[in-house]
Amino acid sequence: MQNNVKRTPSAEALADLQAREQDAICVNESTLKHPWWYNLKYAAWGILFGIVFVKAEIVSWFRIQEMFRFESFHMYGVIGTAVVVGLISVLLIKRTRARTIYGEEIHIPKKEFNKGQVIGGLLFGLGWAITGACPGPLFAQMGAGFSVIIVTFISALAGTWFYGLLREKLPH
Amino acid sequence: MLDAIKQPWPWYVAGALIGLTVPYLLLVGNKTFGISSSLRHLCAACLPANIKFFKYDWKKEAWNLFFVGGIAVGALIAARFLSNPDPLVLAEPTAEYLASKGITDTSALQPAEIFSWSNLFTVRGLIFFIVGGFLVGFGTRYAGGCTSGHAIMGLSSLQWPSLVATCCFMVGGIVMTWFILPYLLTL
């Protein structure tokens, strides 16, 4: 499927895209309209991801303690390998000008620097070492049956919400 | 075969599979890997409260919610059917240090001495669940991403702001682990 898909978003759609792109790497605009069950592709990969998270013990508070105490290579190995595999994949995609399975051009949004990456990064780091979880493992811990993590998760939602509330007043 | 799967998976298997998420998401739908945004989409879906940051069409990012839903289901499958019958093998110095703080139960992935409902209304619960969770949610959004969005996706696409963010994650974590947690664990 090599048919070109033209991007001609309306002004309204563009404003909405910009709102979603704000402070997030994970948006990408597509002009394709798909039924909801096309999203099952992402759920399927999520399931594999969740299994890996638990089986490699990435969701464990203990492993994060080991990492920050520099007493185990495990987490550095996981993240390092993931970055190398991701890096090679992105290079290959760019080199071959690969398109998505629907024939769209692949686009990776550029990340602009702002003070948030420093201040927010430090705050997240503090929280990561306390909870032993970044957002991904929070979902995995709940799924794996650590029910009390629901409280941590709701608190993380509250943190995100308060960031949204205070956003204009915070240095960026 | 099943016995091998039940053992903890080595870092290179996990790292490779996690890294492959980057091309998978790009190729099946032009999506860039990032998990913490799901928290923002949930806020936008459930409690936008007329806040500008949450006023957008979150349904366009529904894929992200399917992905994190998948993570929970995958974790359930792993815990239910593939779980390792042996206790966690912890690095010797970490185990000794944690034991000195009264954390000795390594039978599960999470220490029962901290992450249990009986701690909910204690100082320990307040810090480890409420404060910790809040910092994760607030910090990742302020930083514009978490370990997946910055450390993996951002570094994979050679974006230097993501390198700055990743270094700050590590600095925050190290400061907490070495200078603050030793005190918090005594509470």
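Structure: see above.
Calculation rules
Residues numbered from 1 in each chain as written. Chains lettered and ligands numbered in written order. Predicted model: local features only at pLDDT ≥ 70, side-chain atom pairs only at ≥ 80, totals over all residues. Heavy atoms only, no water. Helix = DSSP H or I, 4+ residues; strand = E, 2+ residues; numbered from the N terminus. Buried < 20%, exposed > 50% of the residue type's maximum accessible area, 1.4 Å probe, protein only. Areas by Shrake-Rupley, 256 points an atom, 1.4 Å probe, with all protein chains shown as cover. Lys, Arg positive; Asp, Glu negative; His and termini not counted. Charge placed at Lys NZ, Arg CZ, Asp CG, Glu CD. Contact = heavy atoms within 4.5 Å. Buried area = accessible area lost by both parts, 1.4 Å probe. Salt bridge = Lys/Arg side-chain N within 4 Å of Asp/Glu carboxyl O. 1 Å grid on protein atoms, 1.4 Å probe; cavity = no way out; pocket = protein on both sides within 12 Å on 5 of 7 lines; lining within 4 Å. Points joined across faces, edges and corners; volume = space filled by probe spheres on them. Nonpolar A, V, L, I, M, F, W, Y, C, P; charged D, E, K, R; others polar. Patch = residues over 30% accessible without salt bridge, like charges linked within 9 Å, V, L, I, M, F, W, Y side chains within 5 Å. Core = buried A, V, L, I, M, F, W, Y, C linked by side-chain atoms within 4.5 Å. Disulfide = S-S within 2.5 Å.

A. Looking closely at the overall build of chain B. Each helix and strand counted, chain B has 8 helices and 0 strands in total. For chain B, the succession of helices and strands along the chain, N to C, is α-α-α-α-α-α-α-α. Structurally, chain B occupies a C-alpha span of about 50 × 45 × 30 Å along its principal axes. Split into buried and exposed, the 187 residues of chain B put 56% on the buried side. When the accessible area of chain B is evaluated, it comes to approximately 7600 Å², of which 71% is carbon and sulfur surface. Computing the positive centroid from 11 side-chain charges and the negative centroid from 8, chain B places the two 20 Å apart.

B. Focus on the interface of chain A and chain B. At the junction of the two partners, chain A supplies 125 residues and chain B supplies 136 residues. Carbon and sulfur atoms make up 75% of the surface buried where chain A meets chain B, a total of about 11500 Å² over both sides. On the chain A side of the contact with chain B, Tyr42(A), Lys55(A) and Phe62(A) bury the most area, a combined 7% of that side's loss. At the surface where chain A touches chain B, the tally comes to 0 salt bridges.

C. How the structure looks around empty space enclosed by the protein. By the definition in use, this model includes 2 cavities of 30 Å³ or more. In this model, the largest cavity occupies a volume close to 190 Å³. Phe53(A), Ile58(A), Cys134(A), Thr147(B) and Ile152(B) are, among the 21 residues lining the largest cavity, the residues nearest its centre. Every element with two or more residues in the lining of the largest cavity is listed here: helix H2 (40–55), helix H4 (74–95) and helix H6 (135–143) of chain A together with helix H7 (147–156) of chain B. No other element matches the 4 residues that H4(A) contributes to the lining of the largest cavity. Class assignment of the residues belonging to the lining of the largest cavity gives a composition of 17 nonpolar, 4 polar and no charged.

D. Structural view of the layout of surface pockets. Residue and element names in this part refer to chain B. The computed volume of the second largest pocket comes to approximately 250 Å³. What lines the second largest pocket is a set of 15 residues, among which Ser-83, Asn-84, Ser-107, Ala-108 and Leu-109 lie closest to the centre. Its residues assigned to classes, the lining of the second largest pocket comprises 9 nonpolar, 3 polar and 3 charged.

E. Expanded view of a nonpolar patch on the surface. A cluster of nonpolar side chains, contributed by Phe70(A), Leu122(A), Val171(B), Val175(B), Trp178(B) and Phe179(B), occupies part of the molecular surface with about 570 Å² of accessible area. Among the elements that take part in the nonpolar patch, helix H8 (residues 160–184) of chain B stands out by supplying 4 residues, more than any other. Its location among the elements puts Phe70(A) in the loop between helix H3 (61–68) and H4.

F. Geometry of the nonpolar core. Ranked by size, the top nonpolar core spans 95 residues in total, and within it Ile18(B), Phe33(B) and Phe128(B) carry the most contacts. If one sorts the elements of this core by residue count, helix H6 (residues 123–143) of chain B sits on top with 8 residues. With sequence-adjacent residues up to four places away left out, Phe128(B) is seen in contact with Trp61(A), Ile130(A), Thr131(A), Thr152(A), Ile114(B), Phe115(B), Gly133(B), Leu181(B), Leu184(B) and Leu185(B).

G. Inspection of the state of the cysteines at higher detail. Scanning all chains against the criterion turns up 0 disulfides over all chains. No disulfide involves Cys46(B); its sulfur sits 7.7 Å from that of Cys43(B), the nearest cysteine.

H. Fine view of unusual backbone geometry. For Arg97(A), which is not a glycine, the phi torsion comes out positive at approximately 50°. For Arg97(A), the position within the fold is in the loop between H4 and helix H5 (116–131). One non-glycine residue, Ala49(B), adopts positive backbone phi at about 50°. Structurally, Ala49(B) can be placed in the loop between helix H3 (37–46) and helix H4 (62–81).

I. Representation of the environment of Ala129(A) within the structure. Structurally, the position occupied by Ala129(A) is in helix H5. According to the relative accessible area criterion, Ala129(A) is buried, its value standing at 1%. Along the chain, Ala129(A) and Phe68(A) lie 61 residues apart, while their C-alpha atoms are 7.5 Å from each other. For Ala129(A), the contacting residues outside a window of four places in its chain are Trp61(A), Gln65(A), Phe68(A), Gly173(B), Met176(B), Thr177(B) and Leu181(B).

J. Structural detail: the pattern of salt bridges. Residues and elements named next belong to chain A. The final tally for this structure, using the stated rule, is 4 salt bridges over all chains. With a shortest N-O distance of 2.9 Å, Glu-66 and Arg-63 are connected by a salt bridge. Taken together, the residues Glu-66 and Arg-63, both in helix H3 and 3 residues apart, mark about one turn of the helix. For the pair Glu-66 and Arg-63, a shared accessibility class is recorded, and that class is buried. Salt bridges sharing common partners tie together Glu-57, Arg-63 and Glu-66.

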